[in-house]
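Secondary and tertiary structure notes
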Amino acid sequence: TITLTTLMKGLCINGEVGKALQFHGTMVAQRFQLDEVSYGTLINGLCKIGQTKAAIQLLQKMEGQVAKPNVVIYNTIIDSLCKDGLVTEARDLFTEIVVQGISVDVFTYTSLIHGFCIMGQWKEVTWFLSEMILKNINPNVYTFNILVDALSKKGNVKEAQNVLAVMIKGGQKLDIVTYNSLIDGYCLINEVNKARDVFNTMAKRGVSANVRSYSIMINGYCKIKQLNEAMSLFKEMQCKNLAPNTVTYSSLIDGFCKSGRISDVQDLVDAMHRRNISLN
RNA sequence: AGAUAUCAAA
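Residues numbered from 1 in each chain as written. Chains lettered and ligands numbered in written order. Predicted model: local features only at pLDDT ≥ 70, side-chain atom pairs only at ≥ 80, totals over all residues. Heavy atoms only, no water.

For the rest of this paragraph, the subject is the overall build of chain A. Counting its regular elements, chain A contains 16 helices and 0 strands. Considering chain A as a whole, with its 280 residues, one finds that 46% of them fall into the buried category. Restricting the contact set of chain A to residue pairs at least 6 apart, pairs at least 24 apart contribute 54%. Accessible area for chain A stands at about 15200 Å²; split by element, carbon and sulfur atoms hold 55% of it. Considering chain A, the positive charge centre built from 29 side chains and the negative charge centre built from 24 side chains are found 4 Å apart. (Helix = DSSP H or I, 4+ residues; strand = E, 2+ residues; numbered from the N terminus. Buried < 20%, exposed > 50% of the residue type's maximum accessible area, 1.4 Å probe, protein only. Contact = heavy atoms within 4.5 Å. Areas by Shrake-Rupley, 256 points an atom, 1.4 Å probe, with all protein chains shown as cover. Lys, Arg positive; Asp, Glu negative; His and termini not counted. Charge placed at Lys NZ, Arg CZ, Asp CG, Glu CD.)

Next up, the structure:
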């Protein structure tokens, strides 16, 4: 079963969810018992290609099986519903499984909180946050990062900073995603110098910038037309063996275009070709 | 030894 599940996961990663399902069908026809992890793999495969409906159908098929849906499978579906913006449906499913006696966990709450953040439903965000804490399911770095990101995107970096303070007080280490989210928050309100401070502090705290951190900073500088600073970070990242990607180049190209520096744009496009970075 | 949650351009 483990071997077959690994194989199906491989097919899903390759974008061949259809083949994985076919394979599963063949197994079932031969009366081979698949377990909940196998079903979880397929359900996740469907969810990740935007087929939440089909995933739910597969979940319903499980209900008459020996392999019963577990919390991981429900978490997968709840997350997918949230990402589709169907937070009401996600919450209904959550209520239903709690009634069924399934022990929900930090994944369940984190997905729901993310969903309500995306929808801007802050009342629900705080509700689920307090509920999980009451149930002694402690928010982890993923949960906190979602809050930092959502507040930053809203332009509320002050509140985002408060979340960082809570994390530190609770002994939760900040990671690269925490910093990237906050840096982006400052860039979005055009406080690029503040963003740079956070970027520098992060290194001092032993968290090294990744390609995304550089892309965020470069984009911030491009948006305020500080192309020299953008280019200097662009060079710096490459000294650190961080390879700029399509997103990094897009920010730079956009910045140079808007400043009418077409020959610099040409150089960037040439560099992309040389490095086999796909243009989109 | 196998399945689920967080961050960047347009």
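Turning next to the pattern of salt bridges. Per the counting criterion, the structure on display carries 10 salt bridges. With a closest N to O distance of 2.7 Å, K83 and D79 form a salt bridge. Of this pair, K83 and D79 both sit in helix α5 (residues 71–83), 4 residues apart, which is roughly one turn of that helix. A salt bridge links R261 to D264, with the shortest nitrogen-to-oxygen separation between them at 2.9 Å. (Salt bridge = Lys/Arg side-chain N within 4 Å of Asp/Glu carboxyl O.)

Further remarks concern the protein's contact with RNA strand B. If you check the shell around RNA strand B, you find 44 residues, and the closest are T5, D35, N70, K83 and Y142. Each atom of RNA strand B within 4 Å of the protein belongs either to a base or to sugar and phosphate, the latter forming 39%. In the model, a base oxygen of RNA strand B is placed 3.0 Å from a nitrogen or oxygen of the N75 side chain. Listing elements by their share of the surface near RNA strand B, those giving two or more residues are α1 (2–13), α3 (36–48), α5, α7 (106–118), α9 (141–153), α11 (176–188), α13 (211–223) and α15 (246–258). (Near = heavy atom within 4 Å. Polar contact = N/O pair within 3.5 Å; in protein donor to acceptor, adjacent residues only side chain to side chain.)

Contact geometry for α7 and helix α8 (residues 122–134): axes closest at 8 Å, N-to-C directions at 165°. Regarding the angle of α7 to α8, the classification is roughly antiparallel. In this structure, α7 meets α8 at a crossing whose hand is left-handed. Contacts between α7 and α8 involve V106, Y109, L112, I113, F116 and C117 on the former and, on the latter, W122, E124, V125, F128, L129, E131 and M132. Looking at the contact of α7 with α8, its residues break down into 11 nonpolar, no polar and 2 charged. (Axes fitted to C-alpha atoms, helices over the stretch in contact; angles between N-to-C directions. Parallel < 35°, antiparallel > 145°, perpendicular 65-115°, else oblique. Left-handed = near helix turned anticlockwise from the far one by under 90°. Nonpolar A, V, L, I, M, F, W, Y, C, P; charged D, E, K, R; others polar.)

As a further point, take the confidence of the model for chain A. Mean pLDDT for chain A: 97, with 100% of residues reaching 70 or above. ipTM for the predicted complex: 0.96, alongside a pTM of 0.96. (pLDDT = per-residue confidence, 0-100.)

With phi around 65°, K225 is a residue other than glycine that occupies positive phi space. Along the chain, the position of K225 falls in the loop between α13 and α14 (227–239). Phi angles above zero are rare outside glycine, and N241 is one such case at about 60°. Following the sequence through the fold, N241 ends up in the loop between α14 and α15.

Along helix α4 (residues 52–62), the positions that sit buried rather than exposed are T52, A55, L58, L59 and M62. The buried side chains of α4 occupy one side of the element, clustering within an arc of 115° when seen end-on. Turned more than 90 degrees away from the buried face of α4 sit K53, Q57 and K61, all of them exposed. The inward-facing, buried residues of α4 contact α2 (17–29), α3 and α5. (Arc of directions from axis to C-beta.)

Here we come to helix α16 (residues 262–274). Between its first and last C-alpha, α16 extends 18 Å over 13 residues, near the 18 Å set by a 1.5 Å rise per residue. Restricting attention to buried positions, one finds in α16 the residues V265, L268, V269, A271 and M272. On an axial view of α16, the arc spanned by its buried residues comes to 155°, and they lie on one face. The outward face of α16, more than 90 degrees from its buried face, is lined by the exposed residues S263 and R274. The secondary structure elements touched by the buried residues of α16 are α14 and α15. Remark: N276 follows α16 within two positions and exhibits a positive phi of approximately 60°. (Expected span 1.5 Å × (residues − 1).)

Once that is clear, we can look at the packing of aromatic side chains. Throughout the structure, instances matching the rule amount to 6 aromatic pairs. Between F94 and Y109, the ring centres sit 5.4 Å apart and the planes meet at 70°, which makes this aromatic pair edge-to-face. Here the residue F94 occupies a position in helix α6 (residues 87–99), and Y109 occupies one in helix α7, the gap between them amounting to 15 residues. For Y109, a relative accessible area of 0% translates into the label buried. Put simply, the rings of F94, Y109, F116 and F128 touch in pairs and so form one group of aromatic residues. (Phe/Tyr/Trp six-rings, centres within 6.5 Å; stacked < 30°, edge-to-face > 60°.)

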